[in-house]
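This is what each chain is made of:
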Amino acid sequence: MMKFTKINLKGDVKLNSATLLSEKILEHAYKRFASDIHFYPLRKQTNIYFRINGKRVLYRSITNAEYELLLAYYKFSSKMDIGEIRKPQNGTITHHSRHGTYSLRLSTLPLNHDESLAIRILPQEENYTMDHLFLFPSQINILKSWTKHRSGIILMTGPTGSGKTTTLYSLLEDILQEESYQAITLEDPIEKELHHILQVQINERAGITYQTGLKAALRHDPDILMVGEIRDKFTAQFSFEAALTGHLVLSTLHAKDTVGTIHRLLDMGIKQVELEQSLIAVAAIDLLPIKVQGEEKRRGAILELLDGERLKTVLKGGDLPDINNHVHSFHYLRKRALAYGFISEETFQNE
């Protein structure tokens, strides 16, 4: 249960009411394995949605008065400014439940007359193995083979919530099970606490940006460096310089697919010669709703992989004529998943 200092929310009765309502919403979200909670204020009520297996579903509605109290409660709990309604804010809460321990990432967004609230749910006690995450074991072996390099950069791309960071965590833990390395992560936020790894929380208000964090991390003599996300030209350049100077760098980047990742890096000012010398591979991740006994109960990851000779072809500006039919393309993998009965015809058609 969350514990908070007494605050002025017009009395203990209203504070207790907000606490109970919060607990009820969170417990239902955990029970249904929701990845996000969306609070959507309307004129007469506030709708609450859960994102479950990638789909946004209506959970329930509450009164706007209840939402106003709940919003103030969450802002205080996550160390936001309760009085600030004109600017977006972010905060985090660690919540202990009978379902486990969760890190909640909260984000507010000012609207015309209200504020919306989104909560990302990050389980802290779930240890997903690579076998649990991915649909095809052969792709796991390829990912692991990339980490045998002692220097260079491996990039994971995909939309928000697709499992990029979870995959990098698994790769890191796999590496450290085999050998003792100095591993440092730079994250915003830290999604899960890991053992035997130095994790740095990016906090721009305190002056800890990806830029300053990278510089400080390199002074700690890391063998492996995980950059939570390459967001700008400076972070991209510094990450590639770290790879060129003898470090194995793992990071994520927002791009549509593997080839799009190369174009994005070039737009960020990374030179072709730097890509050729330090980029080990790119993996674009996609989550598919998997059928279990005829029902879609969980999601499994497939990877569009770009490495080896195909990577060299792209880096030299060449086209990939087999882009859709190659064994590591999204189209081919979805077709294979359909043939094996892992996904529905509707899922395949909606690619």
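Just above, that's the structure.
Reading the values: rules and limits
Residues numbered from 1 in each chain as written. Predicted model: local features only at pLDDT ≥ 70, side-chain atom pairs only at ≥ 80, totals over all residues. Heavy atoms only, no water. Helix = DSSP H or I, 4+ residues; strand = E, 2+ residues; numbered from the N terminus. Rg over C-alpha atoms; globule rule 2.2 N^0.38 Å. Contact = heavy atoms within 4.5 Å. Areas by Shrake-Rupley, 256 points an atom, 1.4 Å probe, with all protein chains shown as cover. Phe/Tyr/Trp six-rings, centres within 6.5 Å; stacked < 30°, edge-to-face > 60°. Buried < 20%, exposed > 50% of the residue type's maximum accessible area, 1.4 Å probe, protein only. Lys NZ or Arg CZ within 6 Å of the ring centre and 35° of its normal. Axes fitted to C-alpha atoms, helices over the stretch in contact; angles between N-to-C directions. Parallel < 35°, antiparallel > 145°, perpendicular 65-115°, else oblique. Left-handed = near helix turned anticlockwise from the far one by under 90°. Salt bridge = Lys/Arg side-chain N within 4 Å of Asp/Glu carboxyl O. Pairing = 2+ DSSP bridges. Arc of directions from axis to C-beta. Polar contact = N/O pair within 3.5 Å; in protein donor to acceptor, adjacent residues only side chain to side chain.

**Student:** How should I be thinking about the overall build of the protein chain in this particular structure?
**Tutor:** Assigned secondary structure in the protein chain consists of twelve helices and 13 strands. In terms of overall dimensions, the protein chain is globule-like: its C-alpha atoms have a radius of gyration of 22 Å, near the 20 Å expected for 351 residues. Sequence separation of 24 or more characterises 56% of the internal contacts of the protein chain that already satisfy a separation of 6 or more. For the protein chain, the computed accessible surface area is about 18,200 Å², with 50% contributed by carbon and sulfur atoms.

**Student:** For this particular structure, what's the right way to read the packing of aromatic side chains?
**Tutor:** Two aromatic rings are characterised by how far apart their centres lie and by the angle between their planes. A complete count under the given rule lists ten aromatic pairs for this structure. On the numbers, 4.5 Å between centres and 15° between planes, the contact of phenylalanine 50 with tyrosine 59 is stacked. Accessibility classification places phenylalanine 50 together with tyrosine 59 in one group, the buried group. Above the face of the tyrosine 49 ring, arginine 56 is positioned so that its terminal group lies 3.7 Å from the ring centre.

**Student:** Got a minute to help me understand the environment of alanine 255 in this structure?
**Tutor:** Its location among the elements puts alanine 255 in the loop between β11 (248-253) and α8 (258-267). Leaving out residues up to four positions away in the same chain, alanine 255 has contacts with Thr157, Gly158, Gly260 and Thr261.

**Student:** So what exactly am I meant to see when it comes to the packing of helix α6 (residues 210-218) against helix α7 (residues 233-244) here?
**Tutor:** Between two packed helices, what matters for the description is the angle formed by their axes and the separation of those axes. In contact at an axis separation of 9 Å, α6 and α7 are set at 15° when each is read in the N-to-C sense. In terms of axis orientation, α6 runs roughly parallel to α7. As α6 runs across α7, the sense of the crossing is left-handed. Along the contact surface, α6 presents Tyr210, Gln211, Leu214, Lys215 and Leu218, while α7 presents Phe234, Thr235, Phe238, Ser239 and Ala242.

**Student:** Mind showing me how you'd approach the pattern of salt bridges here?
**Tutor:** Any two side chains of opposite charge can pair, so long as their charged atoms come close to each other. Taken as a whole and judged by the stated rule, the model has eleven salt bridges. A salt bridge links lysine 75 to glutamate 115; its shortest N-O distance comes to 2.7 Å. One end of the pair, lysine 75, is in helix α2 (residues 64-77); the other, glutamate 115, is in strand β6 (residues 115-123), with 40 residues separating them in the sequence. The salt bridge partner of glutamate 229 is arginine 231, with a shortest N-O separation of 3.3 Å. Among the ionic contacts, a cluster of salt bridges with common partners joins Asp188, Glu229 and Arg231.

**Student:** Can you help me understand the sheet that holds strand β5 (residues 100-110) in this one?
**Tutor:** Strands in a sheet are paired, the pairing made by backbone hydrogen bonds, and the direction either parallel or antiparallel. With antiparallel pairing, the six strands of this open sheet are ordered in space as β3-β2-β1-β6-β5-β4. Every interior strand has two partners, whereas the edge strands, β3 (55-62) and β4 (89-97), have only one. The sheet shows a mean angle of 20° between the axes of neighbouring strands, taken without regard to direction. Two strands pair when backbone bridges link them, and strand β1 (residues 36-41) and β6 are joined in this way by four bridges, in the antiparallel orientation. Along β6, the bridge assignment pairs histidine 38 with alanine 118. Sheet strands touched by α2: β1, β2 (46-52), β3, β4, β5 and β6. Its angle to β6, the strand with the most contacts, is close to 55°.

**Student:** I keep staring at helix α4 (residues 137-146) and nothing clicks. Help me out?
**Tutor:** The α-helix winds at 3.6 residues per turn, so residues separated by three or four positions along the chain end up facing the same way. By the burial criterion, the buried members of α4 are Gln139, Ile140, Leu143 and Trp146. All buried residues of α4 lie within an arc of 120° about the axis, which places them on one face of the element. Set apart from the buried face of α4 by more than 90 degrees, the exposed residues are Pro137 and Asn141.

**Student:** When you look at α8 in this model, what are you seeing that I'm missing?
**Tutor:** By the burial criterion, the buried members of α8 are Thr258, Thr261, Ile262 and Leu265. When α8 is viewed along its axis, its buried side chains cluster within an angular range of 100° and face the same direction. At the N-terminal boundary of α8, the capping side chain belongs to aspartate 257, with an oxygen 3.5 Å from the backbone nitrogen of valine 259.

**Student:** How should the side chain of aspartate 286 be read in this particular structure?
**Tutor:** Mapping aspartate 286 onto the fold places it in strand β12 (residues 279-292). Classification of aspartate 286 as buried rests on a relative accessible area of 19%. One polar contact links aspartate 286 to arginine 334, side chain to side chain, over a distance of 2.6 Å.

**Student:** Any chance you could explain the pairing of β5 here in plain terms?
**Tutor:** Looking down a regular strand, the side chains alternate between one sheet face and the other. Pairing of β4 with β5, which is carried by nine bridges, proceeds in the antiparallel orientation. Each residue of the ladder has a partner; that of histidine 95, found in β5, is tyrosine 102. From the end of β4 to the start of β5, which pair antiparallel, there are two residues. In this structure, β5 lies alongside β6, joined through nine bridges in antiparallel fashion. Across the sheet, leucine 104 pairs through a bridge with isoleucine 121, a residue of β6. Count of turn residues in the β5/β6 antiparallel hairpin: four residues.

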